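What follows is the residue order along each chain.
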Amino acid sequence: MTTAIRKRLPRNDALQKVTGDAQYADDIYLPGMLYGKLLRSPHAHARILDIDTERALALPGVRAVVCGIDTSGIKYGTVPDEQGLAIDKVRFIGDEVAAVAAVDEETAEEALALIDVAYEILPSVHDPLLAMQEGAPVIHEASAHIYDAARNISRRTHLAYGNVEAGFAQADYVFEHTFETQMVNHATIEPHSAVAQYDPGGKITLYSSCQTPFLIRSDLAATLQMPLTRVRVVKPRVGGGFGGKREMMASDFSAAVLAMKTGRPVKVTYTREEALATTRQRHPTRISLRTGVTRGGRVVAKECHMIMENGAYNGRGPDILGSCPNYLTVLYRTPNIHFDGYLVYTNNPPGSAFRGFGNPQIRFADDSQMDIIAAELGIDPVELRHLNVREAGDVTPNKAIITSCGLRECVEEVDRATDFRNRWGKLPFGQGVGLACGHHTCGFKSLLPHDSSAAVVKLNDDGTANVLTGASDVGQGSDTALGMIAAEELGIPFHRIEMTTADTEVTPMDLGSYASRVTFIAGHAVRLAAADAKSQLLEAAADLLRTPPQDLVSENGVICSLEHPERSALVEEAIQHHLAHGPGSPILGRGAYNAPTDRLNRETGEGNTSPAYSFGAQVAEVKVDPETGRVRVIRMTSAIDCGVPLNPTAIEGQVEGSVAGGMGQALLESFSQHEGLILNPSLLEYRVPLAGEMPDMDTIIVETEEKEGPFGAKGVGEFVQIPTAAAIANAVYDAIGVRIHDLPITPDKILAALSKKGVGT
Amino acid sequence: MSLPAFKYLRPDSLEEAIFLLGSHPGEIMIMAGGTDLLVSLKQKLFQTARVLDVKAVSELRGLEFTETDGLKVGAATRLSDLAADKLVQTRYTGVAEAAQSVGAAAHRSMGTLGGNVCLNNRCWYFNQSPTWRTTFGSCYRLGGESCLVAKGTARCRAAYCGDTAPSLLVMGAQVKIGGPTGFRTVPLDELYTGDGKASIRLAPGELVVEITVPIPEVGVGTAYRKYRLRDSIDFPLAGAACAIGLDDEGTCTHARIALTAVGSRPERCPQAEDVLAGRKLTAGVISEAVEAARSQARPLRTTVMPPPYRRTMVALMVRNAIRAAASRCESGWEEYPS
Amino acid sequence: MIRGISLRVNGVAYNLHIQDHWTLLDVLRAHLGLTGAKKGCDSGVCGACSVHIDGGLALACLTLAAECEGCEVTTVEGLARSPHELHPLQASFVFYGATQCGICTPGMLMAAKALYDRDPRPTREAIHDAVGGNICRCTGYAKIVRAIEHAHVFEASRLLDPKALMQAQGEEAELLAEESR
């Protein structure tokens, strides 16, 4: 019997969300607030010669116009190459050039048109392969951060583990294929938004639609040259993140700068077009995989060449590329690996983090190839996975430590639930099943030398508790998961927990929502804080009930003696007893956790950068209409190991949302571009799945107990989206015998491939 | 994206509407549901000093059916009302299907038949924000020298993407147009100019008042088939409407086919219709008609998906619409191989 | 041009001075403080600004405030029957976990209500059609569809009381889920 965990409890923010009460950044209207808008470059690559703001400033209602030269110009980013507003050069269509604050949106929009910018247009490059050639336009000046500026290579990750040559020598077969994945956008239904307030004492308060308030505070403080105490970042409710709101955006920076300049609150909310075309994207990639296998189906060596298109700026690109080798080593036992990847600048919109952090791209290639290998070797895909899956207790060639792993069981479960082996290769033409696997991290130590979080738990005299944590709920439900962890540890009902989160001034530090780290790392901190509070609570109860504290348990709001079950007290009675008879202070619990992991070694790629790994397997069942070429996913079965399931409803929610996202990338979502200009920057023509497109979805929870995780839990935010594209591609192959190597699998590609095969209309 | 300033006018009688239209030639735009016009105005695609909301004009609302005149639909009748009407569903099935296939639920409960019939032609070099349009400069439709889809040509290729027009065309619908000099009724076909830039043939001061659809010929079956990538929201990438009449022997006595989304106007397919007329609708005959429709359709790169693929979809939608319409014929129908 | 309009929003009468070209969405959000309807795309595609005007589903971003003269507008803030009684759809959304980030939720609920008012026990197809214009990026729609399917179960249930709903524990949940099957 538990107090909170394993229960299908309603989210603690659900009432606010169904009544319209939940407040997001764009819902904030402050007295005297101005509206900010950004002037963006219409050119893919140009030098800024001059900016004349006079006409704009003369427009009635305009309160300020700010250009790059009015700001510090300090570059920021993981590997700094980006400025809040461009000063010398613009590098993609949409690059921010100036910001305007005006009394209303109309005036601000009008003012943008009155800013005169003189550009010297430079040759631009939009294809990473061309960008890498000698003589290509150089996008960034040479610096210590850039691997080869002349060839636009921001970063090269070149690593080998084991003995690759010997590995291939052991192989009976070697398979080589190239795969491509497209640029996709997070398309959160809340566009990026920030409201900044400046007080004459010299302090900025920024309400930002973000995933990482503490990291944004660092970047904002650095670029504004202010101490951290003078910058307060508050995360209101956030309408979806998926990685797209984990860096400081020009909206954050400009709102702050404009507020400082005008002394009035300023709101900058992106239009849908800005959110889709100018923020961040999932990196397009080209992945060549060479895999050696034995006759029996064991993978013995792998060589991966990867071109990852960075777009105009780094974002989190260098670390994404740096993580890719890990994605090949962790999921399947692969003793010998050679990885050579390039992160290449182009004059296209910048790429960065997006649910999976490079893993979906690698997984589409690798699990598509696994399917090809299975067919070639005459080993069914389930068996091929069983021969190669990672197991608990393993240490990968690059020293990742697998503490818990239910991957084998996940494969078994999806096979059983879908009758996969009996149907694979045997369904009528047009119907197919496809299997793929995936994993992801529960944290990532890279940007900073720590991966940490802290929490405070305050017990109130009516038996309720306040939890303070810097963790950022961006919709995934971390406030609920963390509240449940606190409730469970304290032994008080969940609805008595009040969460105060993600305010850099009020809550303890947390790095934010990324790398599927929140439940694990912030959860650990919350549990420790709750445990600290509980030990004080039990001390008080021990005094009240005249029994040693180690004899007491707290469950569902009642503290009870194990030895003398008739001796019990309500939690509030114990708290009140503590206040009256204790040391005179209210009960305050503190907890902090820094994952016991290694920081990513960018040279060797070695080290255990995540405290645990989550695993899963997925079977897609599809129908392909041979006349239209349209693929429909009929059913998607996911078996997942996310440790002990804290809240099954929330977990299913993550799984189902991941399937939608993965299916979107697999089948629907893509940008058409014309020399760096996105032709479809709208939700009308950038098509994300709608309710009617969704398959039936089954989630099978394969429970493992992760010793390091809070109550045995692991992260669940990302890994389910990772295998989805490959599962669908494999199912399409099973259905019609056509292998699509480049995403998305659009109907025209299917028809073209069918007609090449001599099938079809 | 804010709307440009304009004066909002909301007449409640047709007389007043026509008077207002006539009083401000060239400086007034008609709005019914607003689902198309307001997006375009936000994108600053048009400039207008006035917006004339015709939703409150009682003469423009409602459906009326008589066995003599057929169906009369006020131009400001909501698409959802049209789609849900039982009589329309049974007697004008293709029209109901087309109305039901527009956008999503909210677009149908806001959007009107007149608005859909007069839908502005669409192109992804046109339907964009002012910021977006600064990169390549204006397209031909917005005053540029050349079309950005068919480079070097001085003609707008934006495509008509409404769903209802083809379904009405195959029924022989007529449009009643009101204006300063009174009313005139023209075949729907004549409402379209075929020029992407000024696609609707209305004189200044005129508006579409009513769409009339004659009594379907006895036993005729109708259908509309739409191809899109998602089952909701999306405009058609290809759409085909069909009306088929068969005699007791199964010989085609009546054939009408029309396309949408593939050209600057909704268009009838006379060659394809001729193929069917007077013949039994075997698979072979249908393929012949489909081929004729395919070769007529000339979709351009005005939206996602390559034009060759969209032509294939035109063919498919035509075939499906013929089959569906034929199977709805009173005399019944079964496809025989040729 | 400035004009005065009278309308009712969620049962409350307002006399407002507005500009002709202001959208209903901006007036609701910036002037009436009703920020439940969201601006997700501002071009009538995402559905996050869905409201009801005189009982009909409408997109507030494509409606002029001036059009609403004399109208009854209902937003998500007016969906609950009272502060102590949720609409069954709201309770069902909470109960089945149909909301994640919540940004699509207000529009989703209003689109669902248009269906619920006609047919409280709709088919899957009817639900897909009813919310086909509402984009959700978090949930994969499954729990939303389920919540709409089973909303009728909450009619007259004590779980319409927000307090009781938030304190509903596992067993009660199971019971209700059973009932709804």
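Keep in mind that what you see is a predicted model, and the values were worked out from it rather than measured. (Residues numbered from 1 in each chain as written. Chains lettered and ligands numbered in written order. Predicted model: local features only at pLDDT ≥ 70, side-chain atom pairs only at ≥ 80, totals over all residues. Heavy atoms only, no water.)

(A) A look at the overall build of chain B. When helices and strands are counted, chain B shows 12 helices and 12 strands. Taken over the C-alpha trace, chain B has a radius of gyration of 20 Å; the compact-globule value for 338 residues is 20 Å, and the two agree within 12%. For the C-alpha atoms alone, the extent of chain B along its principal axes is close to 60 × 45 × 35 Å. For chain B, the residues scored as buried account for 60% of the 338 residues in total. Long-range pairs, those at least 24 residues apart, make up 63% of the contacts in chain B with a sequence separation of at least 6. Only carbon and sulfur atoms are counted for the fraction: they give 50% of the accessible area of chain B, which is about 12300 Å². Counting 39 positive and 34 negative side-chain charges, chain B places the centres of these two groups 9 Å from one another. (Helix = DSSP H or I, 4+ residues; strand = E, 2+ residues; numbered from the N terminus. Rg over C-alpha atoms; globule rule 2.2 N^0.38 Å. Buried < 20%, exposed > 50% of the residue type's maximum accessible area, 1.4 Å probe, protein only. Contact = heavy atoms within 4.5 Å. Areas by Shrake-Rupley, 256 points an atom, 1.4 Å probe, with all protein chains shown as cover. Lys, Arg positive; Asp, Glu negative; His and termini not counted. Charge placed at Lys NZ, Arg CZ, Asp CG, Glu CD.)

(B) Quick look at the overall build of chain A. Summing up its helical and strand segments, chain A has 19 helices and 30 strands in all. Counting only C-alpha atoms, chain A reaches 85 × 75 × 45 Å along its principal axes. Among the 761 residues that make up chain A, the fraction classed as buried is 69%. Counting only contacts in chain A whose residues sit at least 6 apart along the sequence, the fraction spanning at least 24 positions is 79%. Within the structure as shown, chain A displays about 23400 Å² of accessible surface, and the carbon and sulfur contribution to it stands at 49%. Of the side-chain charges in chain A, 69 are positive and 95 negative, and the distance between the mean point of each set is 2 Å.

(C) Just the sheet that holds strand β6 (residues 116-121) of chain A, in detail. Residue and element names in this part refer to chain A. Taken together, 3 strands build an open sheet; the order of strands is β4-β2-β6 and the sheet is antiparallel. Sheet topology places β4 (89-90) and β6 at the edges, where each strand pairs with a single neighbour. Where strand β2 (residues 46-52) and β6 come together, 6 bridges link them in antiparallel fashion. Bridge assignment links Ile48 to a residue of β6, and that residue is Tyr119. (Pairing = 2+ DSSP bridges.)

(D) Quick look at the sheet that holds strand β19 (residues 452-459) of chain A. Residue and element names in this part refer to chain A. The strand order β21-β20-β19-β25 describes an open sheet built from 4 strands, whose pairing is mixed. Sheet topology places β21 (497-501) and β25 (588-594) at the edges, where each strand pairs with a single neighbour. With direction set aside, neighbouring strand axes in the sheet form an average angle of 20°. As paired elements, β19 and strand β20 (residues 465-469) share 5 bridges and run antiparallel to each other. If you follow Leu459 over to β20, its bridge partner there is Ala465. Packing of helix α14 (residues 478-490) onto the sheet brings it into contact with β19, β20 and β21, and relative to β21 it is tilted by some 135°. (Axes fitted to C-alpha atoms, helices over the stretch in contact; angles between N-to-C directions.)

(E) Up close: the state of the cysteines. Under the criterion given, the structure shown has 0 disulfides over all chains. Considering cysteine sulfurs only, B:Cys123 is the nearest to B:Cys147, which forms no disulfide, with 6.2 Å between them. By relative accessible area, which is 6% here, B:Cys147 ends up buried. Of the cysteine sulfurs around C:Cys71, a residue in no disulfide, the closest is that of C:Cys68, at 5.2 Å. (Disulfide = S-S within 2.5 Å.)

(F) Looking closely at a negative patch on the surface. Residues and elements named next belong to chain B. Together, Asp12, Glu15, Glu16 and Glu59 line one region of the surface with negative charge. With respect to the helices and strands, Glu15 occurs in helix α1 (residues 14-23). Since its relative accessible area comes to 66%, Glu15 is described here as exposed. (Patch = residues over 30% accessible without salt bridge, like charges linked within 9 Å, V, L, I, M, F, W, Y side chains within 5 Å. Salt bridge = Lys/Arg side-chain N within 4 Å of Asp/Glu carboxyl O.)

(G) Structural detail: the domain arrangement of chain A. Residue and element names in this part refer to chain A. For chain A, the assigned domains read domain 1 (29-122 + 189-240 + 245-278), domain 2 (281-445 + 600-757) and domain 3 (452-594). If you average the C-alpha positions of domain 2 and of domain 3, the two centres end up 38 Å apart. Taken together, both faces of the contact between domain 2 and domain 3 bury some 1500 Å²; the carbon and sulfur share is 64%. Contact with domain 3 buries area across many residues of domain 2, yet Leu646, Pro710 and Phe711 alone supply 37% of it, more than any other trio. Inspection of the domain 2/domain 3 interface yields 7 residue pairs in polar contact (both at pLDDT 80 or more). Of the residues that constitute the side of domain 2 that touches domain 3, the class distribution is 8 nonpolar, 8 polar and 5 charged. (Domains from an automatic or database assignment. Buried area = accessible area lost by both parts, 1.4 Å probe. Polar contact = N/O pair within 3.5 Å; in protein donor to acceptor, adjacent residues only side chain to side chain. Nonpolar A, V, L, I, M, F, W, Y, C, P; charged D, E, K, R; others polar.)

(H) Focus on the interface of chain C and chain B. In this assembly, 24 residues from chain C lie in contact with 27 residues from chain B. Note on chain C versus chain B: buried area summed over both sides is about 2100 Å², and carbon and sulfur give 61% of it. Per-residue buried area on chain C facing chain B is highest for C:His21, C:Leu62 and C:Glu67; these three make up 28% of the total on that side. The interface formed by chain C and chain B includes 3 salt bridges. Among the ionic pairs, C:Asp129 bridges to B:Arg108, the shortest N-O distance being 3.0 Å. The interface formed by chain C and chain B includes 11 residue pairs in polar contact (both at pLDDT 80 or more). At the level of secondary structure, the elements contributing two or more residues to the side of chain C that touches chain B comprise β4 (56-59) and α4 (124-130) of chain C. Partitioning the side of chain C that touches chain B into residue classes produces 12 nonpolar, 7 polar and 5 charged.

(I) Highlighting the pattern of salt bridges. Applying the stated criterion across every chain yields a total of 86 salt bridges over all chains. The salt bridge partner of C:Arg29 is A:Asp27, with a shortest N-O separation of 2.8 Å. In this pair, C:Arg29 sits in helix α1 (residues 24-31) while A:Asp27 sits in the loop between α1 (14-19) and β1 (34-40), so the two residues belong to two different chains. The structure contains a network of salt bridges with shared partners spanning A:Lys37, A:Glu105, A:Glu109, B:Lys44, C:Asp26 and C:Lys39.

(J) Expanded view of the pairing of β2(A). When β2(A) meets β4(A), the two strands line up antiparallel, connected through 2 bridges. Residue pairing in the sheet places A:Ala46 in a bridge with A:Val90 of β4(A).

(K) Focus on the interface of chain C and chain A. On the chain A side, the residues contacting the 48 residues of chain C number 55 residues. Interface area, chain C with chain A, both sides summed: about 4200 Å², of which 59% is carbon and sulfur. Three residues stand out in chain C for area buried against chain A, namely C:Gln100, C:Arg137 and C:Met166, and they jointly supply 19% of the buried area on that side. Counting every contact that joins chain C to chain A gives 7 salt bridges. Linking C:Arg137 and A:Glu669 is a salt bridge whose minimum nitrogen-to-oxygen distance equals 2.7 Å. At the junction of chain C with chain A, the criterion picks out 20 residue pairs in polar contact (both at pLDDT 80 or more).

(L) Main features of the environment of A:Leu289. Residues and elements named next belong to chain A. Mapped onto the secondary structure, Leu289 falls in strand β14 (residues 285-293). Using a relative accessible area of 1% as the deciding quantity, one classes Leu289 as buried. For the pair Leu289 and Ile362, spaced 73 residues apart in the sequence, the C-alpha separation amounts to 9.5 Å. Residues contacting Leu289, with those up to four places away along its chain left out, are Phe175, Glu176, His177, Lys302, Glu303, Cys304, Leu328, Ala365, Asp366 and Gln369.

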